[in-house]
Amino acid sequence: LAKTTQPISMDSYEGQEVNITCSHNNIATNDYITWYQQFPSQGPRFIIQGYKTKVTNEVASLFIPADRKSSTLSLPRVSLSDTAVYYCLVGGSSASKIIFGSGTRLSIRP
Amino acid sequence: DAGITQSPRHKVTETGTPVTLRCHQTENHRYMYWYRQDPGHGLRLIHYSYGVKDTDKGEVSDGYSVSRSKTEDFLLTLESATSSQTSVYFCAISEGQLMDGYTFGSGTRLTVV
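Draft legend 1. A look at the interface of chain B and chain A. Listed per partner, the contact involves 22 residues of chain B and 22 residues of chain A. Taken together, chain B and chain A are joined by zero salt bridges. Of the residues forming the side of chain B that touches chain A, the biggest block, four residues, is contributed by strand β5 (residues 42-51) of chain B. In terms of residue class, the side of chain B that touches chain A is built from ten nonpolar, eight polar and four charged.

Below, the structure is given as structure tokens:
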């Protein structure tokens, strides 16, 4: 099973760019890397997914190096509303093999 | 999200009693999942379903059973609740199995006393 390692917590300020790195040393060839965001008292919601290189959407960017053993979620110009827990997931075609982990608790200050 | 509803939202029950949590979807998605979330553990998969009457175990399935008799409903049953099953339970749905398409419910907070 592809296990992920993320920082337990991070702090930043409004307007800054935040980068959260996730390690996944035993990622399999057919595994995708997916990030979810969770606010208190809510279920997680999808942010971004990638396989290799760089992916960008209206919310975030995901950078994946060639060896795919790590990935970095980049949140541009964060606001207070970005305060949440962010989960890095690695998995392929079976839900039973996808591990959520404990996530990174991001706190944004004014 | 409007397409997935969990009930009840909160429940307190006594040790040894049976408890059933319900997940209802209006999206006609094939896959449905039950997770539990505890401090320090993130979300852990309990059971999942890949179709009507088709279910499989996740990483923490002991003490739980599930049933899916209709596409729209996925039930999680604790046959004899224990204090270690005090948790927040989340249901999720997806069309496929890649993790980009999961939609989670708002959760059920279960307390076993």
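Draft legend 2. Quick look at the pairing of strand β7 (residues 64-70) of chain B. All names here are of chain B. Two elements, β7 and strand β8 (residues 73-78), share five bridges in a ladder whose sense is antiparallel. Bridge assignment links V66 to a residue of β8, and that residue is L76. Joining the antiparallel neighbours β7 and β8 is a turn of two residues.

Draft legend 3. Just the sheet that holds strand β7 (residues 70-75) of chain A, in detail. Residues and elements named next belong to chain A. Judged by pairing direction, the sheet is antiparallel, and its four strands sit side by side in the order β2-β7-β6-β5 without closing on themselves. Either end of the sheet is taken by a strand with one partner, and the two such strands are β2 (18-23) and β5 (53-56). Direction aside, neighbouring strands of the sheet carry axes that sit 15° apart on average. Pairing geometry for strand β6 (residues 61-64) and β7, over three bridges, is antiparallel. Bridge assignment links F63 to a residue of β7, and that residue is T72.

Draft legend 4. Representation of the pairing of strand β3 (residues 32-38) of chain A within the structure. Residues and elements named next belong to chain A. The element β3 is largely enclosed, with a buried count of six among its seven residues. Strand direction decides the pairing type here: β3 and strand β8 (residues 84-91), joined by seven bridges, are antiparallel. Looking at β8, one finds that T34 is bridged to L89. One ladder, built from five bridges, connects β3 with strand β4 (residues 45-50); its direction is antiparallel. Paired with W35 across the strands is I48, a residue of β4. From the end of β3 to the start of β4, which pair antiparallel, there are six residues, and S41 there has a positive phi angle of about 65°.

Draft legend 5. Expanded view of the pattern of salt bridges. Residue and element names in this part refer to chain B. This structure, assessed with the given rule, holds five salt bridges over all chains. In this structure, D73 and K70 form a salt bridge, with 3.3 Å as the shortest nitrogen-oxygen distance. Judged by relative accessible area, D73 falls into the buried class, the value being 8%. Linked by salt bridges that have partners in common, R22, K70 and D73 make up one network.

Reading the values: the criteria
- Residues numbered from 1 in each chain as written.
- Chains lettered and ligands numbered in written order.
- Predicted model: local features only at pLDDT ≥ 70, side-chain atom pairs only at ≥ 80, totals over all residues.
- Heavy atoms only, no water.
- Contact = heavy atoms within 4.5 Å.
- Salt bridge = Lys/Arg side-chain N within 4 Å of Asp/Glu carboxyl O.
- Helix = DSSP H or I, 4+ residues; strand = E, 2+ residues; numbered from the N terminus.
- Nonpolar A, V, L, I, M, F, W, Y, C, P; charged D, E, K, R; others polar.
- Pairing = 2+ DSSP bridges.
- Axes fitted to C-alpha atoms, helices over the stretch in contact; angles between N-to-C directions.
- Buried < 20%, exposed > 50% of the residue type's maximum accessible area, 1.4 Å probe, protein only.

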